[in-house]
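Topology and contacts: notes
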Amino acid sequence: MEQLLQTIEKLKAEIKEFAANKSEEVEAFRIKYLGTKGLVKEVMGEMKNVAVDKKREFGQLLNEFKLFAEAKYEALKQSTTSNQQSVDNTLDLSLPGDDLPLGSRHPISLVRNQIISIFQRLGFAVAEGPEIEDDWHNFTALNLPENHPARDMQDTFYISQNPDWLLRTHTSSVQVREMQKGKLPIRIICPGRVYRNETISARAHCFFHQVEGLYIAENVSFADLKQTLYFFVQEMFGKDVKVRFRPSYFPFTEPSAEMDISCLICGGEGCNVCKKTGWVEILGCGMVHPNLLDNCGIDSNKYTGFAFGMGVERITMLKYQIKDLRLFSENDIRFLKQFTAAI
Ligand code: 2NL
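Residues numbered from 1 in each chain as written. Predicted model: local features only at pLDDT ≥ 70, side-chain atom pairs only at ≥ 80, totals over all residues. Heavy atoms only, no water.

1. Remarks on the site of the ligand
Using the following cut-off: We define proximity as follows: a residue is near a molecule or strand when any one of its heavy atoms falls within 4 Å of that partner. Here a polar contact is taken to be a pair of N or O atoms separated by no more than 3.5 Å, where protein atoms must pair a possible hydrogen donor with a possible acceptor and residues adjacent in sequence count only if both atoms sit in side chains. Method for areas: the Shrake-Rupley scheme with a 1.4 Å probe, in which residue coverage is limited to the protein chains shown. By definition, any uninterrupted DSSP run of H or I lasting at least four residues is a helix, any uninterrupted run of E lasting at least two residues is a strand, and each is numbered from the N terminus. Each residue gets one of three labels, nonpolar for Ala, Val, Leu, Ile, Met, Phe, Trp, Tyr, Cys and Pro, charged for Asp, Glu, Lys and Arg, and polar for the others, Gly among them.
The environment of the ligand is made up of 17 residues, and the closest members are Gln175, Glu212, Leu292, Ala307 and Gly309. Note that a nitrogen atom of the ligand is positioned 2.9 Å from one of the side-chain N or O atoms of Glu212. Between the ligand and Gly309, the relevant distance is 3.3 Å, taken from a nitrogen atom to a main-chain nitrogen or oxygen of the residue. In isolation the ligand offers 490 Å² of accessible surface; the protein chains occlude 89% of this area. In terms of residue count, strand S9 (residues 304-311) provides more of the shell around the ligand than any other element does, five residues in total. Taken together, the residues of the shell around the ligand sort by class into nine nonpolar, seven polar and one charged.

2. Focus: the layout of surface pockets
This is how the line gets drawn: Grid spacing is 1 Å over the protein atoms alone, the probe is 1.4 Å, and a cavity is where that probe fits but cannot get out, while a pocket is an open set with protein on both sides within 12 Å along at least five of seven lines and lining residues have an atom within 4 Å of a point. Grid points are joined across faces, edges and corners, and a volume is the space filled by probe spheres set on the points.
Here the second largest pocket defines a volume of roughly 270 Å³. For the second largest pocket, the lining is made up of 17 residues, of which Ile108, Arg112, Arg193, His209 and Glu313 are closest to its centre. The greatest single-element share of the lining of the second largest pocket, amounting to four residues, is contributed by helix H5 (residues 107-121). By residue class, the composition of the lining of the second largest pocket is six nonpolar, seven polar and four charged.

3. A few points about the pairing of strand S8 (residues 279-288)
Each regular strand displays side chains that alternate between the two surfaces of the sheet. Rule in force here: For every residue, the accessible area obtained with a 1.4 Å probe (protein chains only) is divided by the maximum for its type, and the residue is called buried under 20%, exposed over 50%, and partly exposed between those limits. DSSP calls a pair of strands paired once it identifies at least 2 bridges connecting them.
The element S8 is largely enclosed, with a buried count of eight among its ten residues. Where strand S7 (residues 253-262) meets S8, eight bridges bridge the pair, whose relative direction is antiparallel. Among the inter-strand pairings, Ser262 is bridged to a residue of S8, identified as Trp279. In the sheet, S8 pairs with S9 via four bridges, with the strands oriented antiparallel. When the sheet's bridge partners are listed, Cys285 is paired in S9 with Phe308.

4. Details of helix H7 (residues 172-181)
Counting buried residues along H7, seven of its ten residues qualify, which places the element largely inside the surrounding structure. Of all the positions in H7, only Ser172, Ser173, Val174, Gln175, Val176, Glu178 and Met179 are classed as buried. Note on H7: the residue one or two positions beyond its end, Gly182, has a positive phi of about 75 degrees.

5. Some words on the nonpolar core
Within soluble globular proteins, side chains that are nonpolar tend to cluster in buried spots. As a reminder of what qualifies: Only buried Ala, Val, Leu, Ile, Met, Phe, Trp, Tyr and Cys residues count toward a nonpolar core, and they belong to the same one when joined by side-chain atoms within 4.5 Å. Any two residues whose heavy atoms approach within 4.5 Å at even a single point are treated as in contact.
Residues Ile115, Phe119, Phe232, Ile282, Leu283, Phe308 and Met310 are the most contacted members of the largest nonpolar core, which totals 45 residues. Of all the secondary-structure elements, those providing two or more residues to this core are H5, strand S5 (207-217), helix H8 (222-237), S7, S8, S9, helix H10 (312-320) and helix H11 (333-336). Broken down by element, this core gets its largest block of residues, seven residues, from H5. Beyond its immediate chain neighbours, meaning those up to four positions away, Ile115 contacts Val211, Phe232, Met236, Met310 and Val312. In terms of nonpolar packing, the next biggest core, distinct from the first, is built from 22 residues, Ile186, Ile188, Cys296 and Tyr303 among them.

6. Comments concerning the packing of H5 against H10
Stated precisely, the cut-off is as follows: For helices, the axis comes from a line fit to the C-alpha atoms of the stretch in contact; other axes are also lines fit to C-alpha atoms, and the angle between any two N-to-C directions lies between 0 and 180 degrees. Any angle between 65 and 115 degrees counts as roughly perpendicular, while under 35 counts as roughly parallel, over 145 as roughly antiparallel, and the rest as oblique.
Axis separation between H5 and H10 bottoms out at 9 Å; the angle between their running directions is 100 degrees. Taken as axis vectors, H5 and H10 run roughly perpendicular relative to one another. Contact with H5, carried on its side by Pro107, Ile108, Leu110, Val111, Arg112, Gln114 and Ile115, involves Val312, Glu313, Ile315, Thr316, Lys319 and Tyr320 of H10 and no other residues of that element.

7. Let's talk about the sheet that holds strand S6 (residues 243-250)
Overall, mixed pairing links the seven strands, which are arranged S1-S4-S5-S9-S8-S7-S6 in an open sheet. In the strand order of this sheet, the two ends are held by strand S1 (125-126) and S6, each with one partner. In this sheet, S9 lies alongside S5 in antiparallel orientation, the contact comprising eight bridges. Each residue of the ladder has a partner; that of Gln210, found in S9, is Gly311. Where H5 meets the sheet, it contacts S1, strand S4 (186-195), S5 and S9, and its direction lies at approximately 165 degrees from that of S4.

8. Some thoughts on the environment of Phe231
With respect to the element layout, Phe231 can be found in helix H8. Phe231 sits in the partly exposed class, given a relative accessible area of 26%. For the pair Phe231 and Leu122, spaced 109 residues apart in sequence, the C-alpha to C-alpha distance is 9.2 Å. The residues touching Phe231, leaving out its near neighbours within four places in the chain, are Ile118, Arg121 and Leu122.

See the structure below:
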């Protein structure tokens, strides 16, 4: 009996000292002491060897020992789960996530989309084409003669692999491709990026964006051109804006004109934006040169048309009073985020 008492005391001391950090260690404790083949069971088994008159006393002792082991097990379980809880506290899944910064459309896209939607309301369809063009679609078909300065190596980017390939200098090349298809009438606008070999400054860049328009059908007149562009300007800049057409020259149109609008800043009084003239130029236009129709297989005796071209950067600078063209391509978030509220 003495021995059993010693064993219990030894085990109690062992249990008391037992420490666990991980749930696996707690489980090992359970198996070792409280499992079906555990030490508690084993010690309890000794009851059968206890003398009858001592059974009551030992029964109490063994029971206490068992409760002691079970209490320790509960305490171990508690401490490891609360440990885990304290680790989990650093990872509170109920907290709201990090803010995702909401992007905004680029001002060039905003203005391009606005231009497109105005012309779509007039029945113009959007046409697109390649940015790498061949010489014929970009120059020859458009009445730009061999010695025209626009074809100069200094003015246009050529592709070294093939001297016939270049980066388009206007989206007129898309209109040429549409004319070649021979499906008439044609009423399209061609938005897109174009390239010029320019030294980059506040007023010039080696790429910019254009929207060109083309309407070819029977009996299309200069009056149609004027009214279409007047409608565009009123929608884009408001009903109060005035327009004027000045004679000009483009190889692809005859007659040709430049369209000015009354200065949005000073209302025509004269300021820095309009260089004290009260007018700002916004686009070039004209009646499609018959040579172009012939080049593309359209009967120039039957069909006439008008065309126009505008720089999206220029319109955007006027609309938002942006003074430096380079802001459009620098990706400076302080500039871009100012357009978040615009649609
Ligand atoms: C400007 C001037 C213009 C055109 C572009 C055009 C296209 C075809 C036929 C005839 Cl396919 N014309 N385009 C006509 C006149 C002016 O653009 O200053 N653009 C920024």
